[in-house]
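If you want the building blocks of each chain, they are given just below.
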Amino acid sequence: MKVRTRFAPSPTGYLHIGGARTALFSWLYAKKMGGEFVLRIEDTDRERSTQEAVDAILEGMAWLGLSHDEGPIYQTDRYDKYKEVIQTLLDQGDAYYCNCSRERLDEMREQQKANKQKPKYDGCCREKGLTEADDTVVRFKNPLQGEVEIVDHVRGKVVISNQELDDLIIQRSDGNPTYNLTVVVDDRDMQISHVIRGDDHLNNTPRQINILKALGAHIPEYAHVPMINGTDGKKLSKRRDAVSVMQYRDDGYLKEAVINYLVRLGWSYGDQEIFSLEEMIEKFDIDDINKSSSSLSVEKLQWLNQHYMKQMTAEQLAEALQFYIQQANLDISNGPDLTDVMKVYQERCSTLVELVEDIRYFYEGITEYNPKQAKKQFKPAAKEVLQALKEAYENLENWQAEDIHKVVESTVEKLEVGFGKVGQPLRLAVTGHGKSPSIDITLELLGKQKTLSRIADAISFIGD
């Protein structure tokens, strides 16, 4: 059977980081095995599903580069197929109508809890032979004996007794099919060979296998992936963690870094940390997915992002920065060539957002100085230093880094002070925050007029 994997998100929000990892694992395995990757939108929850969420999922997949070979297929377009299958199950005696009220079910479960029994449907309507009515649901007639064996690529062999399962609802009273029915029909019709999904679905798997068996369908292979924890090792939280894939983009991370980060959240290949996409496809195996949960690490992601930023050419980095420049409303027309700036900055920042903020001073005037740095560097003695630099730079004809540096050296010798007493006040005067590459290269990029103007402003700021 040809390898066919699928990613089947519910469009009730953004593309979650856990969902993105599942999509990546499914995509990688399909690519590795020369198979196909199917994108399915499970939108049967009409109250919570939105077109905005569908768009967000598609946008996230596109940004990550996880292209699908088939789809997107929408479950709401397949209602006739689900009804047909439900009728088939009814006709062959593998499903039945149930009219148990909510009150009866609640009372039944409370009694089971009181008796320290596992709450489950008691099969009240199983043999009543009811027909369809306004208040009836359809339940799958789960086998009463035997076991369901799941051969899981992550967890190994998992065996569940049928006595642990109950007759789950496959069609609600309003006629809509339920998740466990639709996913089975879809996996059968789309010939899914491998189901890679979060281990929170493991309890659904034996139920789905029993329905597949009742339909005489092929049973896919499964790989239930452990959940991702937050940076504190606990369950992911929107308040503490960046859980949306597009949030990572907005925070200034390259998609290559995010993909590399995601693949290492629960999968490993020896001690290797950096993987190109080609290496991921070549080396990925669902049998190597870790059994234990992984935790997010901002430090690891920043390290990876910095690595990928360093690997880019200055031209590529300048191009990647365009989105963030627009987001930051930064006008780069009044300043040095962006590619030249990237040549000296690409090893200094860990995110593209940070990079935009760090180079802002090249293109915008300084409205304020970093208070902590100003208190430390703009002491009265710094005024004499800045005045000496200003005079020397006014007379400097060749505005190149080498000659700019010689002015700093001559000022150090002339005033008989340490290099820090000259370089640090100068750096703060021209940047506003005191962070930059070597001061000579910084001033060359900034230009003579801006440099002189900013030194003059700093002298005025220090005052008498």
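Here is what the cut-offs are and how they apply
Residues numbered from 1 in each chain as written. Predicted model: local features only at pLDDT ≥ 70, side-chain atom pairs only at ≥ 80, totals over all residues. Heavy atoms only, no water. Helix = DSSP H or I, 4+ residues; strand = E, 2+ residues; numbered from the N terminus. Buried < 20%, exposed > 50% of the residue type's maximum accessible area, 1.4 Å probe, protein only. Contact = heavy atoms within 4.5 Å. Areas by Shrake-Rupley, 256 points an atom, 1.4 Å probe, with all protein chains shown as cover. Lys, Arg positive; Asp, Glu negative; His and termini not counted. Charge placed at Lys NZ, Arg CZ, Asp CG, Glu CD. Pairing = 2+ DSSP bridges. Axes fitted to C-alpha atoms, helices over the stretch in contact; angles between N-to-C directions. Expected span 1.5 Å × (residues − 1). Arc of directions from axis to C-beta. Core = buried A, V, L, I, M, F, W, Y, C linked by side-chain atoms within 4.5 Å. Parallel < 35°, antiparallel > 145°, perpendicular 65-115°, else oblique. Nonpolar A, V, L, I, M, F, W, Y, C, P; charged D, E, K, R; others polar. Phe/Tyr/Trp six-rings, centres within 6.5 Å; stacked < 30°, edge-to-face > 60°. Lys NZ or Arg CZ within 6 Å of the ring centre and 35° of its normal. Salt bridge = Lys/Arg side-chain N within 4 Å of Asp/Glu carboxyl O.

Peer 1: Go over the overall build of the protein with me, naming the residues and quoting the values.
Peer 2: A count of helices and strands for the protein gives 20 helices and 12 strands. Referenced to the eigenvectors of the C-alpha coordinate spread, the extents of the protein come out at roughly 105 × 45 × 35 Å. Residue burial in the protein is summarised as follows: out of 464 residues, 50% are buried. Once local pairs closer than 6 in sequence are excluded, the contacts in the protein between residues at least 24 apart make up 76%. For the protein, the exposed area adds up to about 22600 Å²; of that, 45% sits on carbon and sulfur atoms. Here the protein carries 59 positive and 75 negative side-chain charges, and the mean point of each set is 5 Å from the other.

Peer 1: Quick rundown of the sheet that holds strand β8 (residues 169–171)? Include the residues and the values.
Peer 2: Backbone hydrogen bonds are what pair the strands of a sheet, in a parallel or an antiparallel way. Spatial ordering of the open sheet is given by β4-β5-β8, a layout of 3 strands whose pairing is antiparallel. A single partner strand is all that each edge strand has here, and the edge strands are β4 (95–98) and β8. In this sheet, neighbouring strand axes are inclined to one another by 45 degrees on average, regardless of whether the strands run parallel or antiparallel. Two strands pair when backbone bridges link them, and strand β5 (residues 137–140) and β8 are joined in this way by 2 bridges, in the antiparallel orientation. Across the sheet, the residue bridging to Arg139 is Ile169, located in β8.

Peer 1: Any details on helix α20 (residues 448–462)? Residues and values, ideally.
Peer 2: A rise of 1.5 Å per residue sets the reference length of α20, with its 15 residues, at 21 Å; its end C-alpha atoms lie 21 Å apart and thus fit the reference within 8%. Three or more residues of α20 are buried, namely Thr451, Leu452, Arg454, Ile455, Ala458, Ile459 and Ile462. Projection of α20 onto a plane perpendicular to its axis shows the buried side chains occupying an angular sector of 165 degrees, all on one side. Turned more than 90 degrees away from the buried face of α20, the exposed residues are Gln449 and Ser460. Of the surrounding elements, those touching the buried residues of α20 are α14 (352–363), α16 (380–394), α18 (419–431) and α19 (439–446). Taken from the residues just after α20, Gly463 is the one with a positive phi, measuring 70 degrees.

Peer 1: So, the nonpolar core: which residues are in play, and what are the values?
Peer 2: Residues Leu64, Met342, Leu355, Ile359 and Tyr393 are the most contacted members of the largest nonpolar core, which totals 102 residues. The element best represented in this core is helix α1 (residues 17–32), accounting for 9 residues. Once residues within four sequence positions are removed from consideration, Leu355 is found in contact with Met309, Leu317, Leu321, Met342, Tyr345 and Cys349.

Peer 1: Give a description of the sheet that holds strand β1 (residues 4–7) that names residues and reports values.
Peer 2: One open sheet holds the 3 strands; their spatial order is β1-β2-β3, and the pairing between them is parallel. Only two strands of the sheet have a single neighbouring strand rather than two, namely β1 and β3 (70–74). Mean inter-strand twist for the sheet, computed between neighbouring axes without regard to direction, equals 25 degrees. Strand direction decides the pairing type here: strand β2 (residues 36–41) and β3, joined by 3 bridges, are parallel. Across the sheet, Arg40 pairs through a bridge with Ile73, a residue of β3. Across the sheet, helix α2 (residues 51–64) touches β1, β2 and β3, and the angle it forms with β2 is around 160 degrees.

Peer 1: Got a sec to walk through the pairing of β5? Specific residues and values, please.
Peer 2: Neither face of β5 is left uncovered, since the one carrying Val137 and Arg139 and the one carrying Val138 and Phe140 both have all their residues buried. One ladder, built from 4 bridges, connects β4 with β5; its direction is antiparallel. When the sheet's bridge partners are listed, Cys98 is paired in β5 with Val137.

Peer 1: Any chance you could break down the packing of helix α3 (residues 79–91) against helix α5 (residues 179–189) for me, citing the residues and the numbers?
Peer 2: One can describe the packing of α3 onto α5 by two numbers: an axis separation of 10 Å at closest approach and a directional angle of 100 degrees. The orientation of α3 relative to α5 falls into the category roughly perpendicular. Taking contact as the criterion, the partners of Lys81, Tyr82, Val85, Ile86 and Leu89 in α3 are, on α5, Leu181, Thr182, Val185, Asp186, Arg188 and Asp189. For the contact of α3 with α5, the per-class residue count stands at 6 nonpolar, 1 polar and 4 charged.

Peer 1: Report on the packing of aromatic side chains, specifying residues and quantitative values.
Peer 2: Counted under the stated rule, the structure contains 15 aromatic pairs. Where Trp267 meets Phe275, the ring centres are 5.2 Å apart and the plane angle is 55 degrees; that geometry is what we call tilted. The pair Trp267 / Phe275 is uniform in exposure class, with both members buried. Plain terms: the ring middles of Phe362 and Tyr363 are 6.3 Å apart, the flat faces sit at 65 degrees to each other, and that makes the pair edge-to-face. Of the two residues, Phe362 and Tyr363, neither departs from the other in class, the shared state being buried. Members of the aromatic cluster, each reached through a chain of ring pairs, are Phe25, Trp267, Tyr269, Phe275 and Phe284. Directly above the ring of Tyr79 sits Arg46, whose terminal nitrogen or CZ lies 4.8 Å from the centroid. Above the ring of Tyr121, the side-chain terminus of Arg139 is found at 3.6 Å from the ring centroid.

Peer 1: So what's going on with the side chain of Thr44? Residues and values would help.
Peer 2: Checked against the element boundaries, Thr44 lands in the loop between β2 and α2. Its relative accessible area of 14% is what places Thr44 among the buried residues. Excluding anything up to four places from it in sequence, Thr44 contacts Gln75, Thr76, Tyr79 and Thr182.

Peer 1: Hey, could you go over the pattern of salt bridges for me, with residue numbers and the actual values?
Peer 2: Following the criterion strictly, the structure yields 31 salt bridges and no others. Linking Asp167 and Arg126 is a salt bridge whose minimum nitrogen-to-oxygen distance equals 2.9 Å. Highlighted residues: Asp167 in the loop between β7 (156–161) and β8 and Arg126 in the loop between α4 (102–114) and β5, separated in sequence by 41 residues. Both residues of the pair, Asp167 and Arg126, belong to the buried class. When the shortest N-O distance is used, the salt bridge between Glu394 and Lys390 registers 2.7 Å. Residue Glu394 and its partner Lys390 are located together in helix α16, separated by 4 residues, close to a single helical turn. When its relative accessible area of 23% is taken as the criterion, Lys390 is described as partly exposed. Look at the salt bridges and you will find they share partners, linking Arg6, Arg40, Glu42, Arg78, Asp186, Asp187, Arg188 and Asp189 into a network.

So yeah, pure geometry; function would need other evidence.
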